[in-house]
Amino acid sequence: MKQPEVPVVAPADTEPHQQHGYASNKDAYLRRLKRIEGQVRGIARMVEEDKYCIDILTQVAAVTKALHAVSLGLVEEHIGHCVVGAASEPDAELRAEAIDFKVKEATDAIGRLLR
């Protein structure tokens, strides 16, 4: 049985005037990521200072939760912007392919988050 052809769609970052779904919240994402970066540095400092392992694990859990929150926000932005944008493609055949591609991107990303 012949495999269906996968549409060739350029990654969003190669499209010159493509605005990403998270663009309107970019500053908030950057603030959160900088806070997480500081937390990770704090964990490294705890290890250097031979802090109690459970205290370190507690901080690792906090960073993990914070990263999951960022990830879920980005997935939501992708669906709300990129998938919905693909659904507005005027050509019906291209629209179906674009939607399938964007949904697969989201599904693959969610799969990577769950591993």
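From a predicted model like this one, the values you see are computed outputs, not experimental measurements. (Residues numbered from 1 in each chain as written. Predicted model: local features only at pLDDT ≥ 70, side-chain atom pairs only at ≥ 80, totals over all residues. Heavy atoms only, no water.)

Caption draft 1: Fine view of the packing of aromatic side chains. Under the counting rule described, the total for this entry stands at one aromatic pair. On the numbers, 6.4 Å between centres and 85° between planes, the contact of Tyr22 with Tyr29 is edge-to-face. Assessed through its relative accessible area of 33%, Tyr22 is described here as partly exposed. Taking relative accessible area as the criterion, Tyr29 reaches 9% and is therefore assigned buried. (Phe/Tyr/Trp six-rings, centres within 6.5 Å; stacked < 30°, edge-to-face > 60°. Buried < 20%, exposed > 50% of the residue type's maximum accessible area, 1.4 Å probe, protein only.)

Caption draft 2: Spatial organisation of the confidence of the model for the chain. Across the chain, pLDDT averages 86, with 84% of residues at or above 70. For residues 1–14, every residue scores under 50 in pLDDT, and the model assigns this stretch seven contacts once sequence neighbours within four places are set aside. (pLDDT = per-residue confidence, 0-100. Contact = heavy atoms within 4.5 Å.)

Caption draft 3: Representation of the side chain of Lys102 within the structure. For Lys102, the location among the structural elements is in helix H3 (residues 92–114). Lys102 sits in the buried class, given a relative accessible area of 12%. When residues no more than four places from it in sequence are discounted, the contact partners of Lys102 are His78, Cys82, Val83 and Ala86. (Helix = DSSP H or I, 4+ residues; strand = E, 2+ residues; numbered from the N terminus.)

Caption draft 4: Focus on the nonpolar core. Tyr29, Ile36, Ile43, Met46, Ile56, Val63, Ala66 and Val70 form the largest nonpolar core, which has eight residues in total. If you list the elements that add at least two residues to this core, you get helix H1 (26–48) and helix H2 (53–87). (Core = buried A, V, L, I, M, F, W, Y, C linked by side-chain atoms within 4.5 Å.)

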